[in-house]
Amino acid sequence: PRMILLDLKMPEMDGFELISEMRKTKEWASIPMVVITAMELNREDHLRLNEAKVAVFQKGNYSKTELLDEIRKSIGYLK
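Just so you know, the residues in each chain are numbered from 1, in the order the chain's sequence is written. Thresholds applied to this predicted model are a pLDDT of at least 70 for local features of residues and 80 or more for the giving and counting of side-chain atom pairs; totals over whole chains, interfaces and linings are not thresholded and use all residues. No hydrogens and no water enter the side-chain calculation; it runs on all heavy atoms of the structure.

1. Topic: the confidence of the model for the chain
Close reading of the predicted structure is inappropriate where its pLDDT is low. Scored between 0 and 100, pLDDT is the confidence that the predictor attaches to each residue. Mean pLDDT over the chain stands at 89; residues scoring 70 or higher make up 97%. Secondary structure elements are taken from DSSP: a helix is a run of H or I of four residues or more, a strand is a run of E of two residues or more, and numbering for both begins at the N terminus. Mean pLDDT across the secondary structure elements of the chain bottoms out at helix α3 (residues 64–74), with 89, and peaks at helix α2 (residues 43–51), with 93.

Here's what the structure looks like:
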């Protein structure tokens, strides 16, 4: 995929686990990821997501335009 949009809470594995596994695989490591979550993220969570180069949007704290701009930037439509 050109990018992955995900929530951190998923039924089989959490988003942190998915991100970690994807970043370990050379072919998947550079796929941009955007997280949309309602979870309260602590400092450690933010650091983990920053290190993995994942954009994070807290549900309800962004506009549709902000999210679309991030998606466009992630897939190379905006620089």
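Having seen the structure, we can now continue with the description.
2. Looking at the sheet that holds strand β3 (residues 54–58)
Strand pairing follows a simple DSSP-based rule, namely that at least 2 bridges must link the two strands. Strand order in the open sheet formed by three strands is β1-β2-β3, and the pairing between neighbours is parallel. Where the open sheet ends on each side, the last strands, each with one partner, are β1 (4–6) and β3. Sheet twist, expressed as the mean angle between neighbouring strand axes with direction ignored, is 15°. In terms of strand pairing, strand β2 (residues 33–37) meets β3 through five bridges, oriented parallel. Lines fitted to C-alpha atoms define the axes, with helix axes restricted to the stretch in contact, and inter-axis angles between N-to-C directions lie between 0 and 180 degrees.

3. Considerations on the pairing of β2
Every other side chain in a regular strand lies on the same face of the sheet, so the side chains alternate between the two faces. Summarising burial for β2: five of the five residues are buried, a large majority. Burial here depends on accessible area, computed with a 1.4 Å probe over protein chains only, as a share of the maximum for the residue type. Under 20% is buried, over 50% is exposed, and the range in between is partly exposed. Residues of β2 alternate between two faces, with M33, V35 and T37 on one and V34 and I36 on the opposite face, all of them buried. Of the pairings in the sheet, the one linking β1 to β2 comprises three bridges and is parallel in character. When the bridges of β2 are listed, I4 appears paired with M33. By convention a crossover is right-handed if, when the strands point away from the viewer, the path from the first strand over the helix to the second runs clockwise. As for the winding sense of the linkage, the β-α-β connection from β1 through helix α1 (residues 15–24) to β2 is right-handed. The β-α-β motif built from β2, the intervening α2 and the parallel element β3 has right-handed crossover chirality.

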